[in-house]
Amino acid sequence: KAGVTQTPRYLIKTRGQQVTLSCSPISGHRSVSWYQQTPGQGLQFLFEYFSETQRNKGNFPGRFSGRQFSNSRSEMNVSTLELGDSALYLCASSWENEQFFGPGTRLTVL
Amino acid sequence: QQQVKQSPQSLIVQKGGISIINCAYENTAFDYFPWYQQFPGKGPALLIAIRPDVSEKKEGRFTISFNKSAKQFSLHIMDSQPGDSATYFCAAKQGGKLIFGQGTELSVKP
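Quantities reported herein were computed from a predicted structural model and do not represent experimental measurements. Within each chain, residue numbers correspond to sequence positions counted from 1 in written order. As they are written, the chains are lettered A onward and the ligands numbered 1 onward, keeping that order. Predicted model: local features are reported for residues with pLDDT of at least 70 only, side-chain atom pairs are reported and counted for 80 or more only, and whole-chain, interface and lining totals are derived from all residues. Each side-chain value is derived from all of the structure's non-hydrogen atoms; neither hydrogens nor water enter the calculation.

1. Some points on the state of the cysteines
Worth spelling out the cut-off: Pairs of cysteine sulfur atoms within 2.5 Å are what we label disulfides. Helix numbers and strand numbers start at the N terminus; a helix is a DSSP run of H or I with at least 4 residues, a strand a run of E with at least 2. Only protein chains enter the area calculation, which uses a 1.4 Å probe; residues under 20% of their type maximum are buried, those over 50% are exposed, and those in between are partly exposed.
One pass over the structure, following the stated rule, counts two disulfides over all chains. Each sulfur of the disulfide joining Cys-23 of chain A and Cys-91 of chain A lies 1.7 Å from the other. As the torsion about the S-S bond is roughly -55°, the Cys-23 of chain A-Cys-91 of chain A disulfide counts as left-handed. Residue Cys-23 of chain A is located in strand S3 (residues 19-24), and its partner Cys-91 of chain A is located in strand S9 (residues 87-95); the two are separated by 68 residues in the primary sequence. Each member of the pair, Cys-23 of chain A as well as Cys-91 of chain A, is classed as buried. At a sulfur-sulfur separation of 1.9 Å, the disulfide partner of Cys-23 of chain B is Cys-90 of chain B. Classification of the bridge connecting Cys-23 of chain B and Cys-90 of chain B rests on its S-S torsion, roughly -95°, and on that basis the disulfide is left-handed. One end of the pair, Cys-23 of chain B, is in strand S3 (residues 19-25); the other, Cys-90 of chain B, is in strand S9 (residues 86-94), with 67 residues separating them in the sequence.

If you want it as structure tokens, here you go:
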């Protein structure tokens with residue numbers, strides 16, 4: 001099976017802009033989670049989607065949002081970008097307890 | 001609030017030695033404890049995982065030891081190899097989200 005794919009791999013934006021990141025889970029996996037990874041805060045949970053419904057949400061401001069489509073593909077959106085949003089954004093595809101991560105999208109906010 | 005504490009932050013081991021990384025958790029609602037390995041520029045890769053009703057799990061050179069009463073678990077890498085040099089994360093799962101430790105940077109010297 002193909003692994004989790006994320007697009008784009010790299011992104012440079014300026015403060016105030018918005019960004020949309022995409023994730024395609026492993027075929028057959030219906031749950032997708034998003035995480036933010038930074039050197040200072042480590043890996044932090046953003047949200048989880050299952051069958052197009054947000055099932056869990058982490059402690060991030062409302063500027064961070066997501067959605068899941070009927071084919072299980074997911075997108076996350078960050079509006080009004082801040083310098084502190086620079087991070088590696090990781091998508092994970094789940095099967096029962098196991099979560100499998102994609103390569104991530106490296107977002108740089110200037 | 002850091003719910004999963006990981007130590008040490010960095011570890012240097014000679015080739016053939018044993019690498020040991022420890023984690024402690026607070027929330028007894030956690031029901032699954034995976035370990036991830038991450039190489040630079042890559043997403044975390046699931047290495048091995050354990051449920052809280054099991055005290056030890058071994059897969060090849062990797063072993064998880066789990067102490068439910070002490071709320072601690074550890075990863076042992078036997079016969080460590082230079083190719084094992086990476087960052088290792090412990091995690092604890094509650095519902096659909098993973099809470100990660102801060103990571104351990106392992107360097108295996110030839």
